[in-house]
Structure formats: C-alpha cells, structure tokens
Amino acid sequence: MPLSHPHRSALSEQVIAALRTQITSGEWPVGSRIPTEPELVEQLGVARNTVREAVRALAHNGLLDIRQGSGTYVAATSELAGVMHRRFAEADPGHIAELRATLESSAARLAAGRRTEKDLKQLDALLLRRERAWDSGDAEAFVTADATFHLAVVAASHNDVMTAMYADLGEVLRDWLREDVGEKLTPETYMDHTRLVDAIRAGDAETAAAEAAGYPLLCRPGRFTASGG
C-alpha cells in the first residue's frame, strides 16, 4: 500500500516502520531475500532514495544484510537480535555452547513444572518436524527445525524475559548449530530429543534440566577450542 508523503524525514521513518513490520511479523523470515529496490519503490509509492535510506538504516541496526551483487537479506527479527548477532558472531563456540546449556537447562527445568497441554502438543509437533527435517537430509531445514524446537522448550518455561532473550540470541545459536552440523547431515551429529520432551511431560525437572544442558556440549570432536572446554 502506498505511503503518504509528509516531510522527507517522517516519510523515511514510515518506510523503515513498514519494512520492520514485514520482518518482525515473519512475512520476511530470517535468511530470506527482501524485494528488490524497484519492487519496494512500486509497493510503497515512494522515491528510490527514500527506500535506499530505509534499507541502509535497517542494515545499520542489524535487521538487514546488504550483499553486493546478490540482494538484501533478513539478518535478524529485532534490533537487539541484530546487535547480538554482530557482537557474538566471532565468539568462541565453546562459550556459545555453555551459554546454550545454561539457558536451556534453566528453561527446561521451569517448563517441567509450568508446561500446558498446548505446550506439549507444540513440542510433539516440532519434535516430529525436526525428525522429518533430519530424514530429508536438508541441513538448513534441520537447523531451522531444531532451533524452532529449542525455542519452544524455552517458551514452555512461561518466563517471558528468558524467552525474549533466547529469541534475540536465535541467529547466533543457529550459526553455531550450522557449524556443528556441517553442510551434510551425518549420523554422529544426530541427537534424539525425545527424552527431553518426555521429562517435561512427566514434570521431571531434574531430568529435563540435565537433558537440555547436555545437548549443546555434545558437539563434534575437536569443535571447541581449549578455552571453550
């Protein structure tokens, strides 16, 4: 829908808000390429320079990634997620694993006591989706399915702050998982998460916490540096 035409700065803010909504709503998922500049000009009914300015602003905030010769891609779903991704992109993978273990263990412990029937149905569905993604042999599909499953475990804690923090770290954790899984799915990198879901369903907080804590630390041999453990 074409935007109105107030002062240039206000119009630019409108375009930024419109593009941000497409990202945060999931209309443009992380990793997807957004429409081209001419397409955005036509869709929004504004000048090319205004679109370019808005795209650059969102790239500066970490939501978009401008790749010369390829296009512009969604890098994160919020400014904080973009900051997290830039800040920890080169972090020691061992430290990322330890962070995952800490957050997911605490969340799983809470989920065992707070999960609802709706949470359990969601976990069952996402666990099945994860297994099907693995069977497909598509590494990126598996990374997405696995990340979505783990976010659902954290969300089942019903701790909104923990869930938001984990979501903002999402692309950092997906990058870590991509490196750990590799370009091709191999049997030694598969981890069955059935015991985690069973423990959450049974209300067994200790087992749920132990299962969630263990997964991130069971990486491919040689993955961690000495400092990462």
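Heads up: the structure comes first, above all this text.
These remarks concern the structure in this document. No experiment lies behind these values; they were computed from the predicted model shown.

Here's the deal with the nonpolar core
- The biggest cluster of nonpolar side chains holds 21 residues, and the ones touching the most others in it are F142, V181 and L185.
- Contributing elements (two or more residues each) for this core: α5 (93–114), α6 (117–136), α7 (139–155), α8 (160–168) and α9 (170–181).
- In this view, F142 contacts R130, A133, W134, V181 and L185; residues no more than four positions away in its chain are not counted.
- In terms of nonpolar packing, the next biggest core, distinct from the first, is built from 19 residues, A152, V153, I200 and A212 among them.

Thoughts on the packing of α5 against α9
- Orientation of α5 relative to α9, taken along the N-to-C sense of each, is 120°, at an axis distance of 11 Å. Between α5 and α9, the crossing angle belongs to the class labelled oblique. α5 and α9 meet at a crossing whose hand is left-handed. Judged by residue contacts, P93, I96, A97 and R100 of α5 engage V172, L173 and W176 from α9.
- Of the residues contributing to the contact of α5 with α9, the split by class is 6 nonpolar, no polar and 1 charged.

Focus: the pattern of salt bridges
- Evaluated as defined, the whole model comprises 11 salt bridges.
- In this structure, R109 engages E206 in a salt bridge whose closest nitrogen and oxygen atoms are separated by 2.6 Å. A residue pair is termed long-range when its members are at least 10 positions apart, and R109 in helix α5 and E206 in helix α11 (residues 205–214) qualify at 97 residues.
- Here R109 falls in the partly exposed class, since its relative accessible area comes to 37%.

Quick look at helix α10 (residues 194–202)
- Every buried residue of α10 is listed here: L196, V197, A199 and I200. Along α10, the residues classed as buried sweep out an arc of 160° about the axis, all on the same side.
- Residues of α10 that are buried make contact with α5, α6, α7 and α11.
- G203 occupies a position one or two residues after α10 and carries a positive phi of about 75°.

Reading the values: the criteria
Residues numbered from 1 in each chain as written. Predicted model: local features only at pLDDT ≥ 70, side-chain atom pairs only at ≥ 80, totals over all residues. Heavy atoms only, no water. Core = buried A, V, L, I, M, F, W, Y, C linked by side-chain atoms within 4.5 Å. Buried < 20%, exposed > 50% of the residue type's maximum accessible area, 1.4 Å probe, protein only. Helix = DSSP H or I, 4+ residues; strand = E, 2+ residues; numbered from the N terminus. Contact = heavy atoms within 4.5 Å. Axes fitted to C-alpha atoms, helices over the stretch in contact; angles between N-to-C directions. Parallel < 35°, antiparallel > 145°, perpendicular 65-115°, else oblique. Left-handed = near helix turned anticlockwise from the far one by under 90°. Nonpolar A, V, L, I, M, F, W, Y, C, P; charged D, E, K, R; others polar. Salt bridge = Lys/Arg side-chain N within 4 Å of Asp/Glu carboxyl O. Arc of directions from axis to C-beta.

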